[in-house]
2 protein chains.
Amino acid sequence: MDIYAKRLANVQELMLQENIDYLVLAPTTNMFYLTGLKTVADERLQVAILPARGPLTLVLPEMYRETAKKIRVSHQLLTWADNQNPVDLVRSAVTDRGGRAAIDDRMWAGHLLQIMQVFNGFQFVAAQKVMSRARVCKDEIELGLLAQSGELADAVMKEAMQEIRVGMTEKQLAFFIENKVKALGGDDISFKPIVASGPNGALPHHCPGDRKFEQGDFIVVDFGALLQGYCSDITRTFCLGKAGQESKKIYLAVKEANEAGFKAVSNGIACQDVDKAARGAINRAGYGDYFIHRTGHGIGLDYHEDPYLVEGNSAPLLPGMVFSVEPGIYLAGRMGVRIEDIVALTVDGPRRFNNFPRELIEV
Amino acid sequence: MDIYAKRLANVQELMLQENIDYLVLAPTTNMFYLTGLKTVADERLQVAILPARGPLTLVLPEMYRETAKKIRVSHQLLTWADNQNPVDLVRSAVTDRGGRAAIDDRMWAGHLLQIMQVFNGFQFVAAQKVMSRARVCKDEIELGLLAQSGELADAVMKEAMQEIRVGMTEKQLAFFIENKVKALGGDDISFKPIVASGPNGALPHHCPGDRKFEQGDFIVVDFGALLQGYCSDITRTFCLGKAGQESKKIYLAVKEANEAGFKAVSNGIACQDVDKAARGAINRAGYGDYFIHRTGHGIGLDYHEDPYLVEGNSAPLLPGMVFSVEPGIYLAGRMGVRIEDIVALTVDGPRRFNNFPRELIEV
């Protein structure tokens, strides 16, 4: 059976279990997962409509007619020209008068508002409900690609580390990383690289700027590659020159938290308990107030997806799940440290997809 | 008056005119336009809530607390930790029990579904209604950045052209372009470059692949730069070697359509009439059925925004508007040609922001 046909059948089965009548997807990784179709999400309405029973309908701009011919899975294709209203086409694919419609979480709100009229009388729920259940445990091929994507990120991290020198800017290193990801075979980066030096390190999602690296800086380097659609995501923190006593203590606390998180990963453990394990190490070092985010997120076709390793998430980890373990300590105005690996839970236990050294490296 | 304070006041005035009680923005170019804040849009809820009268509220993840300190415009900041529910914070910023809420067009649907409960009893409309009115006519600083972004794209196009040779792949040229945009001073690309060679040229939004350029190929090259938030967007089509008779005829038809579109641009003309002018040239050449998209789109902080030059859009062009003129002819399975410039309507008439030659170049 074709992989996409299999995935569609599985999702329809999950829809019946979740009492969902229609799944309405945008050109996101969800559409890619179910059809293999990859288009550019923009203001032109593109939707895939899957009833719980019955065939898939794709509503696409005319300009994607040829591209859509590559879709192997059985579907009805409706195309619209730029001077037409696509909402009428969506309407023709929806025969029921009410029920539950599951909406792609990353559909543009403008598009959702446009098609809501078609689903007048429906209850709207997040497509996540079914798509996450379908996607959260990766198959062998997916695990292979995620591992390969992780290896690539490790190799790029090594080269990035060797580039770091006093006077280089954050942007320059980010640019180097983007190039290197592609030069070493990545199809793209999985998200804009974070290079946060010195005091900028205290901003977990810092956008690389023109700050020049200075002697003594801690430099947080966080990026990932995209390989046949599958993401990697790694963070290491380097010290430019000799690290001070307190900085070393902070680094070690994060390293221990990373290790504690990894070791906690096991079949059936609650997501929040991995968070608790990593957080415990940082609490014990006295920096609990400065670990200001969750311990990790799932990864796959999206660089952030289920499962989230966060307090309040009591869902169990299961074999095939892949996620980050990325504790950090952030001292506002001073510095930050984060150490992140992607970890897969296999039937033989946890396995790291990133193996770049986690020891403090003074470059 | 601070630029952001001025923009906020203007938008609130527009909200009153459009009977909108709350503007609800996601971390998109809308939020950037009104606050200068640039964050990464992801699964963590980030919203800006602006009542028609009263102060701006920002609901952001705890990890953005430091970043938000850079916002100069007056606002209330509410942050939430990863183990908290941000919807309660949104609720605290909404005091009315009903009315009209304008939703950022690019907010994730999953986030909209989350906050809809807060706006129970409200009517939802697209934020576009006000944001487009605020943003569609660019001020002098914006025009300057868009012109500069266009010049940068021209320079990159020249270098890209010189790289083209038999055996190079689409991906390789796309990679070269991405690098060159940044090497020549761009902050980023404005969208993934399109490099569509030979038969792939018939796909207007072709995703660059491993196809190698062959002698006689027409190669569509479409990309843009991002400069301080402002986008450029240019397309040229090159011939690798000598062009055949029919290909030349097609190329000339597109070139004439580009020229006709540009010449039609004038103060007060309907958007659709520029489309009609460009389309007319292609119709006269006998290829009307193969020009399968609108003539153009606005550009600014987004690479696609109002105004759209498309049949059915009778809105007038006004000074300060900036948009693409990009006719094309696409022969399925054979080839495509597109020639695109960014054009600004100034008080002195139309002005092109791209000036790379439009003649057929046989590389």
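Scoring rules and cut-offs
Residues numbered from 1 in each chain as written. Chains lettered and ligands numbered in written order. Predicted model: local features only at pLDDT ≥ 70, side-chain atom pairs only at ≥ 80, totals over all residues. Heavy atoms only, no water. Salt bridge = Lys/Arg side-chain N within 4 Å of Asp/Glu carboxyl O. Helix = DSSP H or I, 4+ residues; strand = E, 2+ residues; numbered from the N terminus. Buried < 20%, exposed > 50% of the residue type's maximum accessible area, 1.4 Å probe, protein only. Phe/Tyr/Trp six-rings, centres within 6.5 Å; stacked < 30°, edge-to-face > 60°. Lys NZ or Arg CZ within 6 Å of the ring centre and 35° of its normal. Least-squares fit on C-alpha atoms with pLDDT ≥ 70 in both. Contact = heavy atoms within 4.5 Å. Pairing = 2+ DSSP bridges.

## Regarding the pattern of salt bridges
Oppositely charged side chains are able to pair whenever their charged atoms sit close together.
Then step 1. The tally for this structure, following the rule as stated, stands at 66 salt bridges over all chains.
Then step 2. Salt-bridge contacts for Lys171(A) lead to Asp187(B); the nearest nitrogen and oxygen are separated by 3.3 Å. With Lys171(A) in helix H8 (residues 170–183) and Asp187(B) in the loop between helix H8 (170–183) and strand E7 (188–189), the pair connects residues from two separate chains.
Then step 3. Across the pair Arg135(B) and Asp302(B) runs a salt bridge whose closest N-O atoms are separated by 3.2 Å. Remark: Asp302(B) occurs in the loop between strand E13 (296–298) and strand E14 (305–309) and Arg135(B) occurs in helix H6 (residues 128–135); sequence separation between them is 167 residues.
Then step 4. Assessed through its relative accessible area of 8%, Arg135(B) is described here as buried.
Then step 5. Salt bridges here are not isolated pairs; linked through shared partners, they connect Arg236(A), Glu259(A), Lys263(A), Asp341(A), Arg352(A) and Arg358(A).

## Some words on the packing of aromatic side chains
Then step 1. Under the defined criterion, the tally for this structure stands at 14 aromatic pairs over all chains.
Then step 2. Grouped by ring-pair contacts, the aromatic residues Tyr22(A), Phe119(A), Phe122(A) and Phe124(A) constitute a single cluster.
Then step 3. Geometry around Tyr33(A) places Arg135(A) over its ring, the cationic atom sitting 6.0 Å from the centre.
Then step 4. Over the aromatic face of Tyr33(B) sits the side chain of Arg7(B), whose NZ or CZ is 4.1 Å from the ring centroid.

## Section: the relation of the copies chain B and chain A
Then step 1. Note on the identical chains: chain B maps onto chain A by a rotation of 180 degrees and an axial translation of 0.0 Å, with an RMSD of 0.0 Å. Taken together, these values place the two copies in the relation of a two-fold axis.
Then step 2. The share of interface residues of chain B whose copies in chain A are also at the interface is 100%, consistent with both copies meeting through the same surface.

## Quick word on the sheet that holds E7(B)
Residue and element names in this part refer to chain B.
Then step 1. Read from one edge of the open sheet, three strands run E7-E10-E11, paired in antiparallel fashion. Edge positions in the sheet fall to E7 and strand E11 (230–231), since each has one partner strand and no second.
Then step 2. Two strands pair when backbone bridges link them, and E7 and strand E10 (residues 225–227) are joined in this way by two bridges, in the antiparallel orientation. When the sheet's bridge partners are listed, Ile189 is paired in E10 with Ala225.

## Thoughts on the environment of Phe353(A)
All names here are of chain A.
Then step 1. Mapped onto the fold, Phe353 is located in the segment after strand E19 (349–352).
Then step 2. Among the residues examined, Phe353 registers a relative accessible area of 4% and is labelled buried.
Then step 3. Along the primary structure Phe353 and Leu78 are separated by 275 residues, whereas in three dimensions their C-alpha atoms are 41 Å apart.
Then step 4. Setting aside anything within four residues of it in sequence, one finds Phe353 in contact with Leu143, Leu146, Ala147, Gly150, Glu151, Asp154, Val322, Ile342 and Ala344.

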